[in-house]
2 protein chains.
Amino acid sequence: MSFNSLQDILKKASNTIPVKISIAVAEDKNVLEAIKSATNSNIISPILVGDSEKIKKILSDIKFKVNDNAIINICDSQLAVEKSVELVAERKASILMKGLVSTGELLKAVLNDKFDLKKPGLLSHLAIFESSYYHKLFGVTDAAMNIAPTLSEKVHLINNSVSIFNKLGVSVPKVAVLGPVETVNEKMGATIHAAIISSMNRRGQIKNCIVDGPLALDNAISKEAAEHKKISGEVAGNADILLAPDINSGNILYKSLNFLGGAKSAAIIVGAKVPIVLTSRSDDEKSKLMSIALAKIISE
Amino acid sequence: MSFNSLQDILKKASNTIPVKISIAVAEDKNVLEAIKSATNSNIISPILVGDSEKIKKILSDIKFKVNDNAIINICDSQLAVEKSVELVAERKASILMKGLVSTGELLKAVLNDKFDLKKPGLLSHLAIFESSYYHKLFGVTDAAMNIAPTLSEKVHLINNSVSIFNKLGVSVPKVAVLGPVETVNEKMGATIHAAIISSMNRRGQIKNCIVDGPLALDNAISKEAAEHKKISGEVAGNADILLAPDINSGNILYKSLNFLGGAKSAAIIVGAKVPIVLTSRSDDEKSKLMSIALAKIISE
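The model shown is predicted, which means the values in this text are computed figures rather than measured ones.

To continue, consider the overall build of chain A. On a plain count of helices and strands, chain A comes out with 11 helices and 11 strands. Taking 19 Å as the expected radius of gyration for a compact globule of 300 residues, we find that chain A reaches 19 Å, a close match to that expectation. Dimensions of chain A, computed from the C-alpha atoms along their principal axes, are close to 60 × 40 × 30 Å. Across the 300 residues in chain A, those meeting the buried criterion constitute 58%. Across chain A, the fraction of contacts at a sequence separation of at least 24, relative to all contacts at a separation of at least 6, is 71%. A total accessible area of about 12,000 Å² is found for chain A, and carbon and sulfur atoms account for 49% of it. The distance from the centre of the 36 positive side-chain charges to the centre of the 31 negative ones in chain A is 3 Å.

Structural data, given as structure tokens:
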């Protein structure tokens, strides 16, 4: 990876001309604080779509000044969402960010044909992690969007993640398809999916990456653990992307790393023509800023 | 918990009279090294059932001396397993440990009616973790045995874990039933199970514990994250036991904590009349020793 740390991503994002970010229903203190921080870091220039009175009140509270023309006053939440999405559809902004609106409502607008923002495949959540227990940045998908991805949906999750890693400078990322064990077990669907997906990759049906699975998490990220199990190959112990079996395991992995692992992370929604930033109230400040920085790098 | 750390468990296990541990098919270097360490720590006194020639060779290699009558020479693997299980059934040993035999073969013998070792319910895997990111020891179940537990099986997993926490001095443990989100979502089975199990606890159908769910992992172990989501109750941010939705997520949580979280752990199989220790080749030395120490505390 041309980026060894999230700090590298932040640095690069801060050293190029700010890009426009469109915020859907921007009257959210948490979101505006992240926007303030990213603006001050020279990463973005915001377009705040929402109830301008409420937005201005929060801006004043958090001591953040924007030009009046950076606020588009639309009090109706659905109309504000549509406008914010229209801005990215018309290339007036390069990144879309969720404000005080449900993820469902925002993505519904993104998927609306009239905006032509959807790429083939599906939308998915990708988190980029930095952990002191691993030798490089790595991705985790899908912790938040796709509940029980089918086989072909998992292929889309891989393709989405690979496209991001390509943009981050990893030309042929190594993808570990995770399971609870490293052997195929008919009773464990995750291992069946993993075996099939690995074969599809060997047959050239999944390109620009090296896929191996099933791999238990330890085999995927620890050479030593892989050797204990006599697992060879390029992915074991050196994975760039971890594909979780489903949202239960993806979400637990994401939260375990963030809350019980001391890891740092950035996350985006991939699969639309522009990166989408959905920060959660429980994400820390740093993680929100990192996500916006990542979105900028991806959008370029 | 009367134990604040795994070190406390180790200390207590070392300060009482060694208990007998029966090792099924003991000719396994890895296992014998753990046995050596636990014996030297005054925790156990081993009975090694297996091919005595092979066992003696390894003992000599690792410089570990045992009395000749501590080795029961049975070269046939299945017969050795049966003998090792018989020893615990006849109370000649208090702990059972897996050697060079598959988990399946060992548990088949444990479940054999003739030994009467099975308690009502089912066998399950429980790991006890110590993490610098959490204020107390906590349990994770089930990372290794039950693939896709049904509702009633999850109740057994809770009962098994609660019985262990009781023995560790936590009289009314707090159980978080994990899901990818903290709200009930019909499309996410884990959240449905969690909601039902919580209600069963409120109605007294699951006793000696306080159950809450669905809780995402962050809500379960971080008061701050729980407050962000406006989740109150005694479990949020203060869980003793984390019940994972299934083996995919349980295994990933277990391995994430151990391999990407710097946590320490001990693990046992619960649900039989004696604790069963199954260490994995990829567990580190400390973790194997801790598991044996935990088994001793539980067996008392």
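Picking up after the structure, the text goes on.
Now for unusual backbone geometry. That bond from A:G213 to A:P214 is cis: its omega, 0 degrees, falls within 30 degrees of zero. Its identity is not glycine, yet A:N208 carries a phi of approximately 60 degrees, on the positive side. Checked against the element boundaries, A:N208 lands in the loop between α7 (189-202) and β8 (210-215). The phi dihedral of B:K63 is positive, around 55 degrees, even though this residue is not glycine. If you trace the backbone, B:K63 turns up in the loop between α3 (52-61) and β3 (71-73). By relative accessible area, B:K63 is classed as exposed at 71%.

Bringing the pairing of strand β1 (residues 19-24) of chain B into the picture now. Residue and element names in this part refer to chain B. With five of six residues buried, β1 lies mostly within the body of the structure. Sheet topology note: the β1/strand β2 (residues 44-50) ladder contains six bridges and is parallel. Within β2, the position partnered with I21 by the bridge is P46. Handedness of the crossover joining β1 and β2 through helix α2 (residues 29-40) is recorded here as right-handed. Here β1 pairs with strand β4 (residues 95-98) via four bridges, running parallel. Bridge pairing in β4 places I23 opposite M97.

Right, let's talk about the relation of the copies chain B and chain A for a bit. The operation relating the two chain copies consists of a rotation about an axis and a shift along that axis. The transformation that overlays chain B on chain A combines an axial shift of 0.0 Å with a rotation of 180 degrees, and the residual RMSD is 0.0 Å. The transformation just described matches what one would write down for a two-fold rotation axis.

All names here are of chain B. For I164, the position within the fold is in helix α6 (residues 151-167). Residues I164 and A93 lie 71 residues apart in sequence; the distance between their C-alpha atoms is 19 Å. Setting aside its immediate chain neighbours within four residues, I164 contacts L126, I268, V270 and I298.

In this section: the interface of chain B and chain A. Across the boundary between the two partners, chain B contributes 37 residues, which contact 37 residues of chain A. Taken together, both faces of the contact between chain B and chain A bury some 3,300 Å²; the carbon and sulfur share is 71%. Of all residues in chain B, B:N248, B:I252 and B:L260 give up the largest surface area on contact with chain A, accounting jointly for 22% of the area buried on that side. Counting across the chain B and chain A interface gives two salt bridges. For the salt bridge of A:K255 with B:D218, the shortest nitrogen-to-oxygen distance reads 3.5 Å. Listed by contribution, the elements that provide at least two residues to the side of chain B that touches chain A are α8 (217-221), α9 (223-228) and α10 (247-260) of chain B. Of all the elements, α10(B) adds the most residues to the side of chain B that touches chain A, at 11 residues.

All names here are of chain B. L6, I9, L10, A13 and S14 are the residues of helix α1 (residues 6-14) that are buried. Viewed end-on, α1 has its buried residues packed into an arc of 130 degrees, placing them on one side of the element. Buried positions along α1 lie against β5 (124-130), β10 (264-270) and α11 (285-299).

Here we take up the packing of aromatic side chains. All names here are of chain A. Counting across every chain of the model gives six aromatic pairs over all chains. A centroid spacing of 5.7 Å and a plane angle of 25 degrees characterise the contact between F129 and F138, whose relative ring orientation is stacked. We classify F129 as buried; its relative accessible area is 0%. On the accessibility criterion, F138 (0% relative accessible area) is buried. Each ring, one from Y134 and one from F138, has its centre 5.3 Å from the other, and the planes form 85 degrees; the classification is edge-to-face. Three or more aromatic residues joined by ring pairs make a cluster, and in this case those are F129, Y134, F138 and Y254.

What follows covers the packing of helix α10 (residues 247-260) of chain A against α10(B). The contact between α10(A) and α10(B) brings their axes to 9 Å, and the two run at 25 degrees. Viewed along their axes, α10(A) and α10(B) adopt a mutual orientation that is roughly parallel. Crossing angle aside, the handedness with which α10(A) passes α10(B) is right-handed. For the pair α10(A) and α10(B), contact is made by A:N248, A:S249, A:I252, A:L253, A:S256, A:L257 and A:L260 and by B:N248, B:S249, B:I252, B:L253, B:S256, B:L257 and B:L260, respectively. The class makeup of the residues in the contact of α10(A) with α10(B) is eight nonpolar, six polar and no charged.

Attention shifts here to the confidence of the model for chain A. Predicted confidence across chain A gives a mean pLDDT of 96, with 100% of residues reaching 70 or more. Both confidence scores are given for the complex: pTM 0.95, ipTM 0.93.

Right, let's get into the pattern of salt bridges. Residue and element names in this part refer to chain B. Within this structure, the stated rule accounts for 18 salt bridges over all chains. With a closest N to O distance of 2.9 Å, K57 and D61 form a salt bridge. Here D61 and K57 lie together in helix α3, a separation of four residues that amounts to about one turn. When its relative accessible area of 51% is taken as the criterion, K57 is described as exposed. Here D61 falls in the partly exposed class, since its relative accessible area comes to 44%. A salt bridge links K83 to E86, with the shortest nitrogen-to-oxygen separation between them at 3.3 Å.

The next point concerns the side chain of A:N248. Its location among the elements puts A:N248 in helix α10. A:N248 has contacts with B:P180, B:A190, B:P245, B:D246 and B:S249, leaving out every residue within four places of it along the chain.

Further remarks concern helix α5 (residues 103-111) of chain A. If you check which residues of α5(A) are buried, you get A:L106, A:L107, A:A109 and A:V110. Seen end-on, α5(A) carries its buried residues on one side only, within an arc spanning 155 degrees.

Our focus in this paragraph is the packing of helix α2 (residues 29-40) of chain A against helix α11 (residues 285-299) of chain A. Helix packing geometry: the angle between the two helix axes and the distance between the axes. Residues and elements named next belong to chain A. Where α2 contacts α11, the axes come no closer than 9 Å and their chain directions differ by 60 degrees. Between α2 and α11 the crossing geometry is right-handed. Where α2 abuts α11, its residues N30, E33, A34, I35, S37 and A38 lie against E285, K288, L289 and I292. Residues of the contact of α2 with α11, tallied by class, amount to five nonpolar, two polar and three charged.

The rules we used
- Residues numbered from 1 in each chain as written.
- Chains lettered and ligands numbered in written order.
- Predicted model: local features only at pLDDT ≥ 70, side-chain atom pairs only at ≥ 80, totals over all residues.
- Heavy atoms only, no water.
- Helix = DSSP H or I, 4+ residues; strand = E, 2+ residues; numbered from the N terminus.
- Rg over C-alpha atoms; globule rule 2.2 N^0.38 Å.
- Buried < 20%, exposed > 50% of the residue type's maximum accessible area, 1.4 Å probe, protein only.
- Contact = heavy atoms within 4.5 Å.
- Areas by Shrake-Rupley, 256 points an atom, 1.4 Å probe, with all protein chains shown as cover.
- Lys, Arg positive; Asp, Glu negative; His and termini not counted.
- Charge placed at Lys NZ, Arg CZ, Asp CG, Glu CD.
- Pairing = 2+ DSSP bridges.
- Right-handed = clockwise from strand over helix to strand, strands pointing away.
- Least-squares fit on C-alpha atoms with pLDDT ≥ 70 in both.
- Buried area = accessible area lost by both parts, 1.4 Å probe.
- Salt bridge = Lys/Arg side-chain N within 4 Å of Asp/Glu carboxyl O.
- Arc of directions from axis to C-beta.
- Phe/Tyr/Trp six-rings, centres within 6.5 Å; stacked < 30°, edge-to-face > 60°.
- Axes fitted to C-alpha atoms, helices over the stretch in contact; angles between N-to-C directions.
- Parallel < 35°, antiparallel > 145°, perpendicular 65-115°, else oblique.
- Left-handed = near helix turned anticlockwise from the far one by under 90°.
- Nonpolar A, V, L, I, M, F, W, Y, C, P; charged D, E, K, R; others polar.
- pLDDT = per-residue confidence, 0-100.

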